[in-house]
Amino acid sequence: MMFYNSCLTPALIEVFVFLYSLMMKIMEYKKLVIYYFSGTGNARNVSHWIKDIAEKREIESEVIDISKLKTRKNIKLPKDALIGFCSPTHGFNFPPIMFHFLLRFPRSKNNSCFIMNTRAGMKAGKIFLPGLSGMVQYFSAIILKFKGFRIRAMQPVDLPSNWISFHPGLKPTVVDSIYSKRKRETERFAQQLLNGKRSFKGLYTLLIDILITPVAFAYYIVGRFVLAKSFYATRDCTMCKLCIQKCPIQAIKIVDDRPFWTYTCESCMQCMNICPERAIETAHGFVFAAYFLIKFYLLVKIYDLLQINSILEKCFSGWLNNTLRFFINASFIILLFIISYRVFHYFLKFKLFERLVVYTSLTRWKFWRRYKIENRY
Ligand SMILES: Cc1cc2nc3c(=O)[nH]c(=O)nc-3n(C[C@H](O)[C@H](O)[C@H](O)COP(=O)(O)O)c2cc1C
């Protein structure tokens with residue numbers, strides 16, 4: 001009996017190993033397609049790291065930059081393929097280009113998918129700090145679920161923050177160290193994903209993500225209509241038009257002989273980072289001045305002129321009154337911002353005004369590094 005048992009155990013193990021590898025072969029995806037959007041290269045690098053791992057496993061793989069797709073309506077979705085969506089997080093959400101892309105994406109043909117968002121990774125001493133996803137993962141997962149996709153993974157990747165309108169670019173040594181850590185993690189994740197494992201790291205911060213939902217909604221409007229309206233080109237601009245050529249969504253055009261940022265701008269930071277003359281800045285001084293002028297002077301004048309207060313008081317009360325007031329305020333602020341950006345752009349041709357704007361732009365100062373990231377795959 002003992003002899004019988006000891007012979008059976010190795011044989012059983014072999015059968016298990018054989019069955020397991022057979023199962024893995026059946027489960028292995030035949031094709032991988034990753035759709036990505038990237039402002040400064042982080043999401044592009046992540047997409048390529050995963051593609052490289054898939055190709056090592058002889059899985060036919062493709063990485064597609066959605067901003068280069070001629071038409072987003074006729075995407076051919078390969079049957080049974082694993083589909084990835086990868087994009088930076090902008091204001092606790094996907095940037096509109098990615099969000100609209102998902103909305104118009106075809107229905108699943110027996111496809112599995114994964115959602116990846118690159119976030120603002122930082123480093124304090126030896127500690128790696130994560131970014132915040134907000135609604136990115138949930139919104140996309142709901143859309144893809146409705147389209148019939150099986151969601152295999154929701155994964156944030158904390159690569160260096162490129163949000164240089166708000167903070168100086170990170171030091172190159174910090175960038176390198178964040179990059180090498182996140183590359184290792186992403187490759188491990190890719191192996192697991194291709195082994196058929198599920199991973200839902202995106203759900204770990206559910207509570208915080210829910211709490212910042214209102215900010216995500218507000219950013220969706222403010223980001224487009226106010227943040228994009230804070231970029232300008234200084235006198236150092238040589239009109240090489242590199243920013244126009246490289247803008248992933250053709251949001252920059254020439255007005256009054258200098259680059260002008262239209263409302264389609266995603267604030268992806270590509271232009272600011274690639275400008276060879278370092279001539280593109282964020283007009284912090286202008287944004288503050290415009291905000292205070294609009295909120296405490298123009299808005300008061302408009303309310304008086306149109307007698308909005310008395311109309312609101314007469315017709316509505318309580319929360320309805322407050323909500324309406326909020327929306328009226330927001331609409332006027334955005335509208336006035338758009339108008340003031342046009343005026344601001346016109347006045348940039350006057351040297352004194354331009355210098356004043358330049359010296360009140362934090363991005364102008366030497367210590368305010370740019371975020372330059374080459375292809376790292
Ligand atoms: C306008 C803007 C908004 C951002 N909002 C967030 C955010 O809400 N949460 C976060 O973690 N990172 C945020 N970031 C940082 C980027 O998501 C992050 O640096 C990303 O890795 C950049 O990817 P890319 O190089 O592919 O564009 C933001 C960056 C920009 C430019």
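The model shown is predicted, which means the values in this text are computed figures rather than measured ones.

1. Digging into the overall build of the protein chain
Looking only at helices and strands, the protein chain features 13 helices and ten strands. Across its three principal directions, the C-alpha atoms of the protein chain cover 100 × 55 × 45 Å. Per-residue burial for the protein chain yields a buried fraction of 35% across its 377 residues. Nonlocal contacts in the protein chain, meaning residues at least 24 apart in sequence, comprise 80% of its contacts between residues at least 6 apart.

2. So, the site of the ligand
Residues in close proximity to the ligand total 24 residues, the closest being Gly39, Asn42, Pro88, Arg119 and Gly131. Of all the elements in the fold, those that place two or more residues in the shell around the ligand are helix H2 (42-56) and strand E4 (112-124). Of the residues belonging to the shell around the ligand, the class tally is nine nonpolar, 14 polar and one charged. Both of domain 1 (2-205) and domain 2 (221-364) provide at least three residues apiece to the shell around the ligand.

3. A few points about the domain arrangement of the protein chain
For the protein chain, the assigned domains read domain 1 (2-205) and domain 2 (221-364). Summarising the inter-unit geometry, the C-alpha centres of domain 1 and domain 2 are found 35 Å apart. Counted by class, the side of domain 1 that touches domain 2 contains five nonpolar, seven polar and no charged residues.

4. Quick notes on the pairing of strand E1 (residues 31-36)
Among the six residues of E1, five are classified as buried, and the element is accordingly described as predominantly covered. Where E1 and strand E2 (residues 60-65) come together, six bridges link them in parallel fashion. Considered in E2, the bridge of leucine 32 is made with serine 61. Since E1 and E2 lie parallel, the crossover through H2 that links them has a hand, and here it is right-handed. Sheet analysis places E1 next to strand E3 (residues 82-88), joined by five bridges and oriented parallel. In the strand pairing of E3, tyrosine 36 is matched with cysteine 86.

5. Things to note about helix H10 (residues 284-306)
Within an α-helix, residues lying three or four positions from one another point in the same direction, as the helix has 3.6 residues per turn. Between its first and last C-alpha, H10 extends 31 Å over 23 residues, near the 33 Å set by a 1.5 Å rise per residue. At isoleucine 294, H10 shows its largest bend, some 40°. Along H10, the positions that sit buried rather than exposed are Phe286, Val287, Ala290 and Ile294. Against helix H12 (318-347) and helix H13 (351-359) lie the buried residues of H10. Looking one or two residues past H10, glutamine 307 carries a phi angle of roughly 50°, positive in sign.

6. Describing unusual backbone geometry
Unusually for a residue other than glycine, aspartate 80 sits at a positive phi of about 65°. Structurally, the position occupied by aspartate 80 is in the loop between E2 and E3. Its identity as a non-glycine residue notwithstanding, arginine 278 has a phi of 55°, on the positive side. Mapping arginine 278 onto the fold places it in the loop between helix H9 (270-274) and strand E10 (280-282). Classification of arginine 278 by C-beta neighbours within 10 Å gives partly exposed; the count is 16.

7. Quick word on helix H3 (residues 96-103)
Along H3, the positions that sit buried rather than exposed are Met98, Phe101 and Leu102. Looking straight down H3, one finds its buried side chains confined to an arc of 95°; they lie on one side.

8. Concerning the packing of H2 against helix H5 (residues 172-194)
Working note: a packed helix pair is described by the angle between its axes plus the distance between those axes. Where H2 meets H5, the axes come as close as 9 Å, and the angle between the chain directions of the two elements is 50°. Here H5 runs oblique to H2, going by the angle between their axes. The way H2 lies across H5 gives a crossing that is right-handed. Between H2 and H5, the contacting residues are Val46, Trp49, Ile50, Ile53 and Ala54 on the first element and Lys183, Thr186, Glu187, Ala190, Gln191 and Leu194 on the second. Residue composition of the contact of H2 with H5, grouped by class: seven nonpolar, two polar and two charged.

Conventions adopted
Residues numbered from 1 in each chain as written. Predicted model: local features only at pLDDT ≥ 70, side-chain atom pairs only at ≥ 80, totals over all residues. Helix = DSSP H or I, 4+ residues; strand = E, 2+ residues; numbered from the N terminus. Buried ≥ 20, exposed ≤ 12 C-beta atoms within 10 Å, placed from the backbone. Contact = placed C-beta atoms within 7 Å. Near = placed C-beta within 6 Å. Nonpolar A, V, L, I, M, F, W, Y, C, P; charged D, E, K, R; others polar. Domains from an automatic or database assignment. Pairing = 2+ DSSP bridges. Right-handed = clockwise from strand over helix to strand, strands pointing away. Expected span 1.5 Å × (residues − 1). Bend = angle between axes of the 7 residues up to and from the residue. Arc of directions from axis to C-beta. Axes fitted to C-alpha atoms, helices over the stretch in contact; angles between N-to-C directions. Parallel < 35°, antiparallel > 145°, perpendicular 65-115°, else oblique. Left-handed = near helix turned anticlockwise from the far one by under 90°.

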